[in-house]
Amino acid sequence: MKIRDILAGKDSTGVVSIAPDASVAAAIAMLVRHDIGAVVVASGDAISGILSERDVLRAAAEDAQRLGTASVRDLMTSNVVTASPEADIQEVMHIMTERRFRHLPVVEHGRLCGMVSIGDVVNALRRSVEDENRHLHAYIHGTTR
Ligand code: AMP
């Protein structure tokens, strides 16, 4: 299974993004409004970082006062790891496990075209196991269900 297949199975394929000079308060409101764990930080088409709820929590633990004045640029991770839509799900699981993050922006021909979260990966795997079970059941019993 490829990232392209995971994106195709998602209800919404839009990527929620925010500008680097936006306030952290605006980013938090965006995470809550969209019920997501990370936003891509972008200026125009160029990805400049990623801000996850973990970055916000870390900053809150270090200096809660700072959250009121900080901008997204101050808390984001700048070296963003991305994946191609052609990447295999095994590869994505490896990256997420090794690097210890749960979000992977998807880039094709230099353009941001999706976001895959660890939840999307788990859902895709679950669907694939269910399909396989259905096919095995049909094969063994000569029926479909
Ligand atoms: P997460 O587990 O995705 O909430 O993020 C954990 C940490 O990894 C945070 O500091 C994020 O900014 C960072 N992070 C998340 N996704 C990526 C990514 N694709 N590339 C680089 N850093 C990331």
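Structure's up top.
For every chain, the first residue of the written sequence is number 1, and numbering continues from 1 along that sequence. Local features in a predicted model are, by the rule used here, given only for residues with pLDDT of at least 70; side-chain atom pairs are given and counted only at 80 or more, and totals for whole chains, interfaces and linings are based on all residues. To obtain the side-chain values, all non-hydrogen atoms of the structure were included, while hydrogens and water were left out.

Observations concerning the pattern of salt bridges
A side-chain nitrogen of Lys or Arg and a carboxyl oxygen of Asp or Glu constitute a salt bridge if their distance falls within 4 Å. Summed over all chains, the structure comprises seven salt bridges. In this structure, Asp120 engages Lys10 in a salt bridge whose closest nitrogen and oxygen atoms are separated by 3.0 Å. A residue pair is termed long-range when its members are at least 10 positions apart, and Asp120 in helix α6 (residues 118–141) and Lys10 in the loop between α1 (3–8) and β1 (17–18) qualify at 110 residues. With a shortest N-O distance of 3.3 Å, Arg58 and Asp55 are connected by a salt bridge. Placement of the pair is Arg58 and Asp55 together in helix α3 (residues 53–63), with a separation of three residues, close to one helical turn. By sharing partners, the salt bridges in this structure join Arg4, Glu86 and Glu108 into a single network. Where helices and strands are cited, they refer to DSSP runs of H or I of at least four residues and of E of at least two residues respectively, numbered from the N terminus.

Considering the site of the ligand
A molecule or strand has a residue near it when one of that residue's heavy atoms lies within 4 Å. If you check the shell around the ligand, you find 14 residues, and the closest are Ser52, Asp55, Thr77, Arg102 and His103. As used in this structure description, the phrase polar contact means that two N or O atoms lie within 3.5 Å; if the pair is within protein, one of them must be able to donate a hydrogen and the other to accept it, and residues adjacent in sequence are counted only when both atoms belong to side chains. Interatomic distance of 2.8 Å between a backbone N/O atom of Val81 and a nitrogen atom of the ligand. Within the contact set of the ligand, an oxygen atom lies 2.6 Å away from a side-chain nitrogen or oxygen of His103. Coverage of the ligand by the protein amounts to 94% of the 470 Å² it exposes when considered alone. When contributions to the shell around the ligand are tallied by element, the ones reaching two or more residues are β3 (46–52), α3 and β4 (103–108). When residues are sorted by character, Ala, Val, Leu, Ile, Met, Phe, Trp, Tyr, Cys and Pro go into the nonpolar class, Asp, Glu, Lys and Arg into the charged class, and all the rest, Gly among them, into the polar class. For the shell around the ligand, the per-class residue count stands at six nonpolar, four polar and four charged. Surface exposure here means Shrake-Rupley accessible area, sampled with a 1.4 Å probe, where a residue is shielded only by the protein chains that are shown.

Looking at the pairing of β4
When DSSP finds two or more bridges between a pair of strands, those strands are recorded as paired. In the sheet, β4 pairs with strand β5 (residues 111–117) via six bridges, with the strands oriented antiparallel. Note on β5: the bridge partner recorded for Glu108 is Arg111.

Focus: the sheet that holds strand β2 (residues 38–43)
With mixed pairing, the three strands of this open sheet are ordered in space as β1-β2-β3. This sheet does not close on itself; its edge strands, each paired only once, are β1 and β3. In this structure, β1 lies alongside β2, joined through two bridges in parallel fashion. Considered in β2, the bridge of Ile18 is made with Val41.

Regarding α3
Only protein chains enter the calculation, and the probe is 1.4 Å; a residue is then buried if its accessible area is under 20% of its type maximum, exposed if over 50%, and partly exposed in between. Every buried residue of α3 is listed here: Asp55, Val56 and Ala59. For α3, the angular spread of buried residues about the axis comes to 100°, placing them on one side. Exposed residues on α3 whose side chains face more than 90 degrees from its buried face are Leu57 and Ala61. In this analysis, two residues are considered to be in contact whenever any of their non-hydrogen atoms come within 4.5 Å of each other. Of the surrounding secondary structure, the elements contacted by the buried residues of α3 are α2 (24–34), β3 and α4 (72–75). Sitting at the amino-terminal end of α3 is Ser52, which places a side-chain oxygen 3.0 Å from the backbone nitrogen of Arg54. In this context, the arc is that of the directions from the helix axis out to the C-beta atoms.

A short note on α6
Counted at 1.5 Å a residue, the expected span for α6 with its 24 residues is 34 Å, and the 35 Å between its end C-alpha atoms agrees. On the buried face of α6, the contacting elements are α1, α5 (89–99) and β5. Following α6 by one or two positions, Gly142 has its phi on the positive side, about 70°. Each helix should span, by expectation, one fewer than its residue count multiplied by 1.5 Å.

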